[in-house]
Number of protein chains: 2
Amino acid sequence: MQNSGSKPCSCPSLKLREVASMYFTMVVAFLVILVVALQGSVPRENDFPYKVPLDPQGLLELSWNVSYAEQAVHFQLLIRDLQFGLLFGMSDRGEFENADLAVLWSDGHNSYFGDAWSDAEGQLHMDSQQDYQLLGARRAPEGLYLLFRRAFSTCDPKDYLIEDGTVHLIYGILEKPVPSLQAINVSALHGGLQRVQLLKPNISIPELPSDMKSMEITAPDVVIPSQETTYWCYMAELPEGFSKHHIIMYEPVVTAGNEALVHHMEVFQCAAEFDSFPHYNGPCDSKMKPERLNYCRHVLAAWAMGAQAFYYPEEAGLAFGGPGSSRYLRLEIHYHNPLVFKGRRDSSGIRLYYTASLRPYDAGIMELGLVYTPVMAIPPGEDAFVLTGYCTDKCTQLALPAAGIRIFASQLHTHLAGRKVVTVLSRAGRERQVVNADGHYSPHFQEIRMLKEVVAVFPGDELITTCTYNTEDRSRATVGGFGILEEMCVNYVHYYPQTQLELCKSAVDPGYLHRYFNLVNRFNDEEICMCPQVSVPQQFYSVPWNTFNRDVLKSLYGFAPISMHCNKSSAVRFPGQWEKQPLPSITERLREPEPRCPPSPGPQPAAPVPLELGRLRR
Amino acid sequence: MQNSGSKPCSCPSLKLREVASMYFTMVVAFLVILVVALQGSVPRENDFPYKVPLDPQGLLELSWNVSYAEQAVHFQLLIRDLQFGLLFGMSDRGEFENADLAVLWSDGHNSYFGDAWSDAEGQLHMDSQQDYQLLGARRAPEGLYLLFRRAFSTCDPKDYLIEDGTVHLIYGILEKPVPSLQAINVSALHGGLQRVQLLKPNISIPELPSDMKSMEITAPDVVIPSQETTYWCYMAELPEGFSKHHIIMYEPVVTAGNEALVHHMEVFQCAAEFDSFPHYNGPCDSKMKPERLNYCRHVLAAWAMGAQAFYYPEEAGLAFGGPGSSRYLRLEIHYHNPLVFKGRRDSSGIRLYYTASLRPYDAGIMELGLVYTPVMAIPPGEDAFVLTGYCTDKCTQLALPAAGIRIFASQLHTHLAGRKVVTVLSRAGRERQVVNADGHYSPHFQEIRMLKEVVAVFPGDELITTCTYNTEDRSRATVGGFGILEEMCVNYVHYYPQTQLELCKSAVDPGYLHRYFNLVNRFNDEEICMCPQVSVPQQFYSVPWNTFNRDVLKSLYGFAPISMHCNKSSAVRFPGQWEKQPLPSITERLREPEPRCPPSPGPQPAAPVPLELGRLRR
């Protein structure tokens with residue numbers, strides 16, 4: 001890389017001169033803004049508490065902070081091996097087309113920064129409103145630091161709206177100089193995507209007790225397999241006679257250098273009904289894995305890339321140890337190794353912090369959403385099919401204490417077709433509060449997320465979980481079930497005080513579904529065998545999926561009574577009549593929040609900001 | 001009214017001082033803008049070609065022009081008897097709540113102008129962005145003239161988007177001084193609404209021949225009945241032996257002083273199969289009206305308040321006179337007399353301009369949309385139920401000449417539940433062009449509108465007409481038919497050269513509707529008699545309208561094959577198979593135009609503009 005002083009800018013090429021004259025007037029105005037910005041609000045380096053590698057080699061490292069007061073995110077992007085520029089941005093699901101991008105590019109002489117967008121063909125265009133605001137650029141031994149700011153909402157229709165939940169970050173590397181931003185087509189670039197929860201909740205960390213201890217559940221020097229995807233399973237166990245404790249916090253332990261490979265990790269507790277579990281240390285899908293490990297499914301801790309330490313609220317902890325609780329734990333690590341590195345060793349895992357001084361409340365986990373049953377199905381070829389699972393007033397009336405429960409965290413879950421998940425609290429027919437929502441949900445990024453606001457749920461409240469699926473790549477119906485090509489719609493909510501209610505989920509009444517199949521049979525001209533002795537999946541697979549049959553299935557799900565699972569454990573229902581229950585009726589919906597747009601800088605003419613970086617590469 | 005010089009403003013009340021200090025800084029900035037605006041772009045008075053009275057007394061008169069280059073409307077509002085201010089604005093359907101308003105108000109000392117909006121309770125709020133821009137105010141002997149400007153689209157979510165088609169203008173009169181804009185609640189004001197086509201097409205007027213003659217079809221000195229609504233019928237006749245002529249233009253003739261009472265007028269030609277028609281001059285709904293007048297339904301000319309002269313394109317004229325054409329004409333005038341004036345005399349009507357030098361083409365009128373049949377029905381309690389009528393490729397293939405036809409005007413028609421109407425041209429499955437659209441359609445305002453752009457329709461094209469209905473005030477289904485409480489969905493398109501195709505409309509296949517009734521019967525638990533011997537309206541009336549039955553009816557209309565009426569006249573079909581035809585499939589929809597927002601003035605702090613009008617009233 002060349003020193004910026006070694007080649008003065010006195011002999012620009014013709015192209016550069018054209019560019020310069022085009023932008024000159026604009027740039028003067030911009031520099032003023034830039035200087036003001038640099039003076040006023042450059043954050044210090046330790047002001048970026050969140051960090052994630054963008055690429056599998058870890059050459060690009062993103063740190064950020066969130067200002068809810070300013071409704072803006074400040075980014076610090078470390079570029080370790082800058083070539084001729086970089087694209088960084090956001091898009092609906094990580095695609096390069098229709099993306100919102102901050103672009104640093106060099107024409108071989110000078111460098112520029114600008115806010116751009118890519119069209120449906122991947123062609124870049126300068127944004128009419130410059131909303132990625134450059135705050136500074138700095139060379140350091142480890143690479144170039146770019147500091148910039150972006151408001152959550154810009155009201156520029158070409159911009160991405162930063163919302164709660166998953167954000168698909170994308171990056172692209174410019175390996176050659178480009179004469180202008182408009183000369184870039186992102187489809188041709190080397191790049192990738194990274195999913196993060198950009199809008200981390202702004203929660204104060206509860207005080208930790210002095211008697212707090214920690215234990216590491218980590219993989220014992222695993223050689224990461226040289227394949228893109230590995231789920232690694234390792235069995236650990238608590239000491240014999242380990243009494244009841246409260247987990248009050250946990251954090252990831254990631255082997256240095258493997259930050260870009262360790263995608264997510266979970267610690268599960270095994271079922272108490274078995275006295276012992278075999279040892280195991282190997283891939284989760286291996287034929288050598290003992291069957292019994294399938295009984296280790298009670299989540300104790302879960303971490304995904306970009307997540308930080310998880311703290312329980314100060315009144316509650318997650319009980320483990322003691323009688324009625326298994327000593328056996330299963331650690332599962334998802335290694336994501338797209339560059340197929342060989343021989344990488346890893347000892348990552350999760351560090352649990354726990355205390356014997358039990359907090360006032362045990363925390364619990366409750367499953368909301370849909371029962372795992374084929375009666376809830378998605379036709380093929382749908383771009384956004386919606387299924388809804390209900391936790392009804394009747395169930396919460398029966399199962400929740402009068403003082404209610406407090407939901408403080410949530411983990412959303414679907415299989416591969418899931419695109420959005422949201423749970424809403426409704427009281428007396430009126431939607432009151434979003435419990436957790438992810439409009440860019442990905443089944444590949446299932447974190448336990450602390451809620452921005454603790455949600456109080458009282459007897460008689462309803463919790464309505466809605467999942468949106470995409471089955472455009474499928475040729476037959478996708479039914480509910482446990483298989484990876486079947487679907488789920490679940491929100492695991494973490495709450496306290498723990499109650500007996502483990503499962504509050506629903507599915508359409510099977511009798512009404514039967515009427516639907518009859519109707520399809522009679523209405524369509526084709527002769528299809530939909531005899532009742534055929535299984536529900538088979539019946540769904542034989543539906544001729546025209547618009548009418550699709551629409552009527554939607555209408556059925558929006559109308560037919562439901563079968564409620566209001567259960568103490570997955571097999572034991574609370575006493576009561578739970579079949580053919582009426583759908584909760586909603587008389588008042590929550591309004592979509594109107595995006596607040598920043599009063600400044602407001603619409604600005606599109607112009608790149610020149611950077612004094614010298615030539616980036618020979 | 002007091003002269004503005006007689007009381008100097010040196011002793012403002014405490015309230016005024018508060019207001020003044022609140023707004024002082026803002027106002028300074030605003031005055032600069034105001035002065036610039038006044039210097040730059042005050043239009044002359046004769047620059048407002050369109051004019052309409054707002055109130056039934058004609059005290060408020062609105063003139064306007066449309067600049068498609070600036071994407072803005074310039075308004076000139078004449079206020080003949082100003083009290084303490086005036087509200088003028090627009091809302092979805094003429095309601096006072098959720099309206100977008102320009103407000104002139106006086107606190108008893110000073111006057112102000114501002115852009116405001118009313119909330120769902122009718123409470124006024126200053127707009128955060130001032131998009132009604134005051135250009136000037138001027139006192140004249142006849143009253144106060146206010147000049148202001150409004151961009152079609154402002155991108156302020158509180159603002160009304162000015163679109164093609166009907167705009168519901170509203171006005172309210174301030175009869176007392178108000179301390180501030182925020183002190184106004186529109187629900188309590190005296191006011192009203194007026195419907196206009198604000199965005200008049202910008203069409204060049206074709207050259208008129210020197211041999212052009214005119215004839216007035218006017219009411220012979222009618223005493224307007226002292227009731228709110230009167231449809232007046234008057235029979236006129238052409239001279240005996242009147243040969244074939246072309247109507248090439250027509251315009252309204254409105255008796256001076258009655259501008260606010262004459263709501264709309266139409267001239268119909270009677271059926272040629274009757275040799276003579278009786279004379280008549282009286283209310284259309286009178287028992288004395290001869291039955292035979294019902295055979296005078298062929299529209300020759302139609303005018304509604306706010307409309308101007310109607311010109312045929314220079315290649316075409318509307319044929320009348322000559323063999324095979326009735327000599328008898330029926331003039332129908334809708335008098336709207338909400339203040340129940342007594343003894344007003346009127347001789348309004350329509351002046352037809354015609355020529356014996358026939359133009360190259362006869363113009364024709366074709367009916368698009370839905371057949372008048374009860375199989376197309378709207379459930380009760382719907383806020384926006386959509387029905388669609390098709391003119392299929394098969395019909396246009398058969399009936400249109402290879403060179404195609406040119407649609408140059410259109411009259412949309414529904415009965416009382418109609419809220420929106422749109423016709424789209426589709427070719428090879430792709431929507432190409434909107435023929436005519438009215439997103440604020442009112443059955444009380446049915447003009448023949450010249451199209452901004454002539455639409456060429458070729459054999460194989462499809463014309464799809466979609467109507468949206470509101471039946472929230474109804475307790476039983478609304479079926480298609482001729483009755484005022486039944487519905488229609490029609491677009492009368494005016495085109496040339498005339499073809500044999502008079503009617504290109506559709507309705508759902510009755511067999512599929514029968515399957516729907518069976519399905520409703522079987523699916524719902526209730527026992528309803530839907531025996532086939534019962535009439536279709538009776539079957540619709542007995543459907544239990546739950547969400548499922550509503551949704552499935554929608555799905556049926558979106559899926560079931562159609563019965564096509566591809567007719568030479570209302571009773572004679574073109575030869576061919578027209579039953580159980582497939583619905584046209586649309587693979588590509590027209591995109592909603594993205595609203596263009598004005599680059600200036602952009603968001604401005606909310607502040608009223610003070611006006612030097614002195615005190616308005618003692």
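Residues numbered from 1 in each chain as written. Chains lettered and ligands numbered in written order. Predicted model: local features only at pLDDT ≥ 70, side-chain atom pairs only at ≥ 80, totals over all residues. Heavy atoms only, no water.

Asks: Is there a simple way to explain the packing of helix H3 (residues 510-523) of chain B against helix H5 (residues 547-557) of chain B in this structure?
Replies: Helix packing geometry: the angle between the two helix axes and the distance between the axes. Residue and element names in this part refer to chain B. Orientation of H3 relative to H5, taken along the N-to-C sense of each, is 160 degrees, at an axis distance of 11 Å. With respect to their mutual orientation, H3 and H5 come out roughly antiparallel. Two packed elements cross with a definite hand, and for H3 against H5 that hand is right-handed. Between H3, through Tyr-512, Leu-513, Tyr-516, Leu-519, Val-520 and Phe-523, and H5, the contact on the second element is made entirely by Phe-548, Asn-549, Val-552, Leu-553 and Leu-556. Each residue belonging to the contact of H3 with H5 can be placed in one class, and the counts come to 10 nonpolar, one polar and no charged. (Axes fitted to C-alpha atoms, helices over the stretch in contact; angles between N-to-C directions. Helix = DSSP H or I, 4+ residues; strand = E, 2+ residues; numbered from the N terminus. Parallel < 35°, antiparallel > 145°, perpendicular 65-115°, else oblique. Left-handed = near helix turned anticlockwise from the far one by under 90°. Contact = heavy atoms within 4.5 Å. Nonpolar A, V, L, I, M, F, W, Y, C, P; charged D, E, K, R; others polar.)

Asks: How should the packing of aromatic side chains be read in this particular structure?
Replies: Between two aromatic rings, the relevant description is the distance of the centres plus the angle of the planes. In total, this model carries 52 aromatic pairs over all chains according to the counting rule given. Seen in terms of ring centroids, Tyr68(B) and Phe152(B) are 5.8 Å apart; in terms of plane orientation they differ by 75 degrees. Their pairing is edge-to-face. With Tyr68(B) in the loop between strand E2 (60-67) and strand E3 (72-79) and Phe152(B) in the loop between strand E9 (143-151) and strand E10 (166-173), this pair connects stretches of sequence that are 84 residues apart. By relative accessible area, which is 21% here, Tyr68(B) ends up partly exposed. A network of ring pairs unites the aromatic residues Tyr250(A), Phe310(A), Tyr312(A), Tyr361(A), Phe408(A) and Tyr496(A) as a single cluster. The ring centre of Tyr328(B) lies 5.3 Å from the NZ or CZ of Arg327(B), which sits over that ring. Sitting over the face of the ring of Trp578(B), Lys394(B) holds its NZ or CZ atom 5.4 Å from the ring centroid. (Phe/Tyr/Trp six-rings, centres within 6.5 Å; stacked < 30°, edge-to-face > 60°. Buried < 20%, exposed > 50% of the residue type's maximum accessible area, 1.4 Å probe, protein only. Lys NZ or Arg CZ within 6 Å of the ring centre and 35° of its normal.)

Asks: It is not clear to me how unusual backbone geometry should be interpreted in this structure. Could you clarify?
Replies: Glycine aside, a negative phi is what most residues show, and trans is what most peptide bonds show. Residues and elements named next belong to chain A. The peptide bond linking Tyr-496 to Pro-497 adopts the cis configuration, its omega dihedral lying at -10 degrees. Position of Pro-497 among the secondary structure elements: in the loop between strand E34 (490-496) and strand E35 (503-508). Notably, Asn-98 is not glycine yet its phi reads approximately 55 degrees, a positive angle. Tracing the sequence through the fold places Asn-98 in the loop between strand E4 (85-91) and strand E5 (100-106).

Asks: Which parts of the structure should I look at to understand the relation of the copies chain B and chain A?
Replies: Both copies of the chain are placed relative to one another by a rotation about an axis and a shift along it. Note on the copies: chain B fits chain A at an RMSD of 0.1 Å, the axial shift is 0.1 Å, and the rotation between them is 180 degrees. Considering both components of the superposition, the chain copies are consistent with a two-fold axis. Taking the C-alpha atom as reference, chain B places Val552(B) closest to the rotation axis, 2.9 Å from it. Comparing contact sets, 100% of the residues at the interface of chain B also lie at the interface in chain A, consistent with an isologous, same-surface contact. (Least-squares fit on C-alpha atoms with pLDDT ≥ 70 in both.)

Asks: In this structure, what is going on with the environment of Gly322(A)? I would like to understand it.
Replies: Residue and element names in this part refer to chain A. By the secondary structure assignment, Gly-322 is in the loop between strand E20 (316-320) and strand E21 (328-336). A residue is classified by how much of its surface remains accessible, and Gly-322, at 15% relative accessible area, is buried. Placed 78 residues apart in sequence, Gly-322 and Lys-244 show a C-alpha to C-alpha distance of 4.1 Å. In this view, Gly-322 contacts Phe-242, Ser-243 and Lys-244; residues no more than four positions away in its chain are not counted.

Asks: Sorry, what's going on with helix H5 (residues 547-557) of chain A here?
Replies: Because an α-helix completes one turn every 3.6 residues, residues spaced three or four positions apart along the sequence face the same direction. Residues and elements named next belong to chain A. For H5, a buried count of eight out of 11 residues is recorded, marking the element as mostly surrounded by other parts of the structure. Along H5, the positions that sit buried rather than exposed are Phe-548, Asn-549, Arg-550, Val-552, Leu-553, Ser-555, Leu-556 and Tyr-557. The N-capping residue of H5, defined by a side-chain oxygen 3.0 Å from the backbone nitrogen of Phe-548, is Asn-546. (Polar contact = N/O pair within 3.5 Å; in protein donor to acceptor, adjacent residues only side chain to side chain.)

Asks: Hey, could you run me through the sheet that holds strand E17 (residues 281-283) of chain B in this one?
Replies: Two modes of strand pairing occur in sheets, parallel and antiparallel, and in both the strands are linked by backbone hydrogen bonds. Residue and element names in this part refer to chain B. A sheet is described by the order of its strands in space; here five strands give the open sequence E17-E14-E21-E16-E18, paired in antiparallel fashion. The two strands at the open ends of the sheet, each matched to only one other strand, are E17 and strand E18 (298-304). Put simply, the sheet's adjacent strands are angled 20 degrees from each other on average, direction ignored. Bridge analysis of strand E16 (residues 262-269) against E18 gives six bridges, and the strand direction is antiparallel. Bridging across to E18, Val-267 finds its partner in Ala-301. (Pairing = 2+ DSSP bridges.)

Asks: Looking at this structure, how should I read the interface of chain B and chain A?
Replies: How big an interface is tends to be expressed through the accessible area that disappears when the partners come together. Taken together, the contact between chain B and chain A spans 20 residues of the former and 20 residues of the latter. Summed over both sides, the interface between chain B and chain A buries roughly 1700 Å², with carbon and sulfur atoms accounting for 63% of that surface. Counting across the chain B and chain A interface gives zero salt bridges. Our count for the contact surface shared by chain B and chain A stands at two residue pairs in polar contact (both at pLDDT 80 or more). Counted by class, the side of chain B that touches chain A contains nine nonpolar, five polar and six charged residues. (Buried area = accessible area lost by both parts, 1.4 Å probe. Salt bridge = Lys/Arg side-chain N within 4 Å of Asp/Glu carboxyl O.)

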